[in-house]
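Here is what each chain is made of, one letter per residue.
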Amino acid sequence: MEKIGENEIVKIATMYYEEGMTQSEIARKRGVSRSLISKIIVEAKRDGIVEIVINSSSVYTAKLERELEEKYQLKNAIVIDTFNLNKDEIKKLLANKQDYT
């Protein structure tokens with residue numbers, strides 16, 4: 001297999017991440033296999049061509065929750081950011097979180 005150029009990798013990544021095309025759609029359009037498209041997308045992330053950024057104020061607590069779930073084999077961990085909150089606000093947040101478990 002010949003080496004795929006960076007421009008083609010960027011084009012495929014753009015189709016996938018920005019245009020919302022499926023790997024199968026991209027493969028048909030580019031005339032290659034879906035597995036090749038999958039590999040290109042994985043390599044684009046690994047090589048730093050693509051970076052996934054989650055823009056949310058709760059990203060830190062969500063990551064902590066996932067780490068706890070993985071480490072302790074939990075179904076659902078809840079982490080509450082209590083920075084600058086008083087006891088009543090914390091209780092209210094905890095009550096709201098428990099509604100979703």
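Before going into details, it helps to say that this report is about the structure given with it. What you see is a predicted model, and the numbers here were worked out from it, not measured in a lab.

**Looking at the environment of Glu 69**
Counting through the fold element by element, Glu 69 comes out in helix 4 (residues 59-72). The class for Glu 69 is buried, based on a relative accessible area of 10%. Leaving out residues up to four positions away in the same chain, Glu 69 has contacts with Leu 74, Lys 75, Asn 76 and Ala 77. Reaching out from Glu 69, the side chain makes a polar contact with the backbone nitrogen of Ala 77 at a distance of 2.9 Å.

**A closer look at the side chain of Thr 61**
Mapping Thr 61 onto the fold places it in helix 4. A relative accessible area of 11% means that Thr 61 is categorised as buried. A distance of 3.0 Å separates the side chain of Thr 61 from the backbone oxygen of Ser 58, its partner in a polar contact. Among residues more than four places away in sequence, those in contact with Thr 61 are Val 79 and Asp 81.

**Thoughts on unusual backbone geometry**
The phi dihedral of Gln 73 is positive, around 50°, even though this residue is not glycine. Locating Gln 73 in the fold gives a position in the loop between helix 4 and helix 5 (87-98).

**Some thoughts on the packing of helix 2 (residues 23-30) against helix 3 (residues 34-46)**
What describes two packed helices is the angle between their axes and the distance between those same axes. Remark: helix 2 packs on helix 3, axes separated minimally by 8 Å, with the N-to-C direction vectors making an angle of 110°. Judged by the inter-axis angle, helix 2 sits roughly perpendicular to helix 3. In the packing of helix 2 onto helix 3, the handedness of the crossing is right-handed. Residues Gln 23, Ser 24, Ile 26 and Ala 27 of helix 2 form the contact with helix 3, whose participating residues are Arg 34, Ile 37, Ser 38 and Ile 41. Of the residues in the contact of helix 2 with helix 3, the class split is four nonpolar, three polar and one charged.

How each quantity is defined
Every chain begins its residue count from 1, and numbering advances along the sequence as written. Where local features are concerned, this predicted model is filtered to residues with pLDDT of at least 70; where side-chain atom pairs are given and counted, the filter is 80 or more; whole-chain, interface and lining totals use all residues. Remark: hydrogens and water are excluded; side-chain values derive from all non-hydrogen atoms of the structure. In this description a helix means any DSSP run of H or I spanning at least four residues, a strand means any run of E spanning at least two, and both kinds are numbered starting from the N terminus. For every residue, the accessible area (1.4 Å probe, protein chains only) is compared with the maximum for its type, and the residue is labelled buried under 20%, exposed over 50%, or partly exposed between those bounds. When checking whether two residues touch, look at their non-hydrogen atoms; a contact exists if any pair is within 4.5 Å. Between N or O atoms, a polar contact is any pair within 3.5 Å; within protein, one atom must be a potential hydrogen donor and the other a potential acceptor, and residues adjacent in sequence are included only when both atoms are from side chains. Here an axis means a line fitted to C-alpha atoms, over the contact stretch when the element is a helix, while the angle between two N-to-C directions is reported on a 0 to 180 degree scale. For classification purposes, an angle smaller than 35 degrees is called roughly parallel, one larger than 145 roughly antiparallel, one from 65 to 115 roughly perpendicular, and anything else oblique. When the near helix sits turned anticlockwise from the far one by under a right angle, the crossing is termed left-handed; a clockwise turn instead gives a right-handed crossing. The residue classification treats Ala, Val, Leu, Ile, Met, Phe, Trp, Tyr, Cys and Pro as nonpolar and Asp, Glu, Lys and Arg as charged. All others, Gly included, are polar.

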